[in-house]
Amino acid sequence: MADIYAAAFPDGRAWSALELAGLVGGPGGFAVYTDAGFAVGRAIAGEAELVTLAVAPEARRRGEGRALLAAFDRAVQDRDGETAFLEVAADNTAAIALYLSAGWAETGWRRGYYPRPAGAPVDAILMTKRVA
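The present account deals with the structure reproduced in this document. The residue numbering used here restarts from 1 in each chain and proceeds along that chain's sequence as written. This being a predicted model, a pLDDT of at least 70 is required before a residue's local features are given, and a value of 80 or more before pairs of side-chain atoms are given or counted; all residues contribute to the totals for chains, interfaces and linings. Excluded from the side-chain calculation are hydrogens and water; included are all heavy atoms of the structure.

**Considering the pairing of strand E3 (residues 47-55)**
Argument step 1. Each residue is placed in one exposure class: buried if its accessible area under a 1.4 Å probe, protein chains only, is under 20% of its type's maximum, exposed if it is over 50%, and partly exposed if it falls in between. Counting from the N terminus, the helices are the DSSP runs of H or I reaching at least four residues and the strands are the DSSP runs of E reaching at least two. Most of E3 sits inside the fold, with eight of its nine residues counted as buried.
Argument step 2. For two strands to be treated as a pair, DSSP must find no fewer than two bridges joining them. Direction of pairing for strand E2 (residues 37-44) relative to E3: antiparallel, over a ladder of eight bridges. Across the sheet, the residue bridging to Gly41 is Leu50, located in E3.
Argument step 3. Between E2 and E3, which pair antiparallel in sequence order, lie two residues; one of them, Ala45, sits at a positive phi of approximately 55°.
Argument step 4. Sheet topology places E3 next to strand E4 (residues 83-89); three bridges connect them, and they run parallel. Of the residues in E4, the one forming a bridge with Glu47 is Thr83.
Argument step 5. With strands facing away from the observer, any crossover in which the path from the first strand over the helix to the second runs clockwise is taken as right-handed. For the crossover from E3 across helix H3 (residues 64-78) to E4, the handedness is right-handed.

Here you go:
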């Protein structure tokens, strides 16, 4: 998962295998995955967070992200989750389009949330979805 994450987000700080394992193994943590990608989430007390979704660059635009989002929704429902939320970088137009097409709705912004080593920080768009 760490290798896919690093390849999927070359402009950000890559999460290590240990960090990803900590998220999955932490309270409410879970992961859904395919050979070409994964989604990490947390579900506690009826709410869920899509912590990250990563698809290997060579597998993009083949339905992997959509399949991972569907698997994430099922995993949230299996954990009695009703509402999910996420944050996405405002410059990640492909991810934003995917989330909107999968029923997520924009609910807010965090200004300058994502640092960029080669430039100004990027805003985060907050999104939610009813999954129950």
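**A look at the sheet that holds E3**
Argument step 1. Spatially, six strands are ordered E1-E2-E3-E4-E6-E5 in an open sheet, and the strand pairing comes out mixed. Single-partner strands in this sheet number two, and they are strand E1 (29-34) and strand E5 (105-116). Shown here is a sheet whose adjacent strand axes are inclined to one another by a mean of 25°, direction ignored.
Argument step 2. Pairing between E5 and strand E6 (residues 119-130): seven bridges, direction antiparallel. Looking at the pairing, Trp109 lines up with Ile125 of E6.
Argument step 3. Here helix H2 (residues 17-25) sits on the sheet and contacts E1, E2 and E3; the angle it forms with E2, its principal contact strand, is near 40°. A fitted line through C-alpha atoms represents every axis, and for helices the fit uses only the stretch in contact; the resulting angles, taken between N-to-C directions, go from 0 to 180 degrees. Contacts: residue pairs with any heavy atoms within 4.5 Å of one another.

Geometry only, nothing functional implied.
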